[in-house]
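Chain residues, written in single-letter form:
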Amino acid sequence: GAVVSQHPSWVICKSGTSVKIECRSLDFQATTMFWYRQFPKQSLMLMATSNEGSKATYEQGVEKDKFLINHASLTLSTLTVTSAHPEDSSFYICSAWTSGLSTDTQYFGPGTRLTVL
Amino acid sequence: RKEVEQDPGPFNVPEGATVAFNCTYSNSASQSFFWYRQDCRKEPKLLMSVYSSGNEDGRFTAQLNRASQYISLLIRDSKLSDSATYLCVVPRGANAGNMLTFGGGTRLMVKP
């Protein structure tokens, strides 16, 4: 149980385009979803925290107008990278959490590898 | 002091060896702690949770020292499949529903 999916797994796009990444909790309703970014040889860095029906809370230094987060339901959150540039190329990972699961942890999606040319 | 700090390694050990990683954290209010494992180009996967003084699961033992604010992970009888990066993770609040702070990770390479 507690499976989180992400789509797409990888995407290559031209500079200036927008890319949408979906994160779904498949077998549970997630109270909270998180978006992380990981650059090569670095650890995960939290970008934003998202609760269903409310605005996302962004970490310091993360531009909310560039990284649009929509948390439309308890099982779906989307991250849109607007006007992507090569420096946005990274591994984007979402996670989902809810209380009451057998293990108190965030469940991670498999990640989306974004390459901006 | 960094919020969560780990020795990046790499730790190169032979199969069958015992290896230990340490992690220090700065938030004295943290109540729970996690060790995740991350394979190359994959998402992190939960290895162990630590809520009190420690936790043991087969070959893996995690210990918590609140006074010194560090957590350790001990791996006994290392297998080739243990080769990965081990991430020490500390929630900013009382549980994993709060924002997680990841350490930089410790890379382990187990050799035949």
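First, a word on scope: everything that follows refers to the structure included in this document. As the structure is a computational prediction, the values presented were derived from the model and not from experiment.

**Considerations on a nonpolar patch on the surface**
Residues and elements named next belong to chain A. Taken together, the side chains of Trp10, Ile12 and Leu117 make up a nonpolar region of the molecular surface, amounting to roughly 400 Å² of accessible area. Among the secondary structure elements, Leu117 is positioned in the segment after β11 (112-116). With relative accessibility at 62%, the residue Leu117 sits in the exposed group.

**So, the environment of B:Leu64**
Residues and elements named next belong to chain B. Along the polypeptide, Leu64 turns up in strand β7 (residues 60-65). The exposure class assigned to Leu64 is buried, which follows from its relative accessible area of 11%. Expressed as a C-alpha distance, the spacing of Leu64 and Met109, which sit 45 residues apart in the sequence, is 24 Å. Leave out the neighbours within four places in its chain, and Leu64 touches Tyr25, Phe33, Val50, Tyr51, Ser52, Ser53, Gly54, Tyr70 and Ile71.

**Considerations on the interface of chain B and chain A**
On the chain A side, the residues contacting the 21 residues of chain B number 19 residues. With both sides pooled, the region where chain B packs onto chain A buries about 1600 Å², and carbon together with sulfur makes up 55% of that total. For the interface between chain B and chain A, the tally reads one salt bridge. The closest approach of N and O atoms between B:Arg92 and A:Glu59, which form a salt bridge, is 2.9 Å. The tally of links from chain B across to chain A stands at four residue pairs in polar contact (both at pLDDT 80 or more).

Thresholds, definitions, all that
- Residues numbered from 1 in each chain as written.
- Chains lettered and ligands numbered in written order.
- Predicted model: local features only at pLDDT ≥ 70, side-chain atom pairs only at ≥ 80, totals over all residues.
- Heavy atoms only, no water.
- Patch = residues over 30% accessible without salt bridge, like charges linked within 9 Å, V, L, I, M, F, W, Y side chains within 5 Å.
- Areas by Shrake-Rupley, 256 points an atom, 1.4 Å probe, with all protein chains shown as cover.
- Salt bridge = Lys/Arg side-chain N within 4 Å of Asp/Glu carboxyl O.
- Helix = DSSP H or I, 4+ residues; strand = E, 2+ residues; numbered from the N terminus.
- Buried < 20%, exposed > 50% of the residue type's maximum accessible area, 1.4 Å probe, protein only.
- Contact = heavy atoms within 4.5 Å.
- Buried area = accessible area lost by both parts, 1.4 Å probe.
- Polar contact = N/O pair within 3.5 Å; in protein donor to acceptor, adjacent residues only side chain to side chain.

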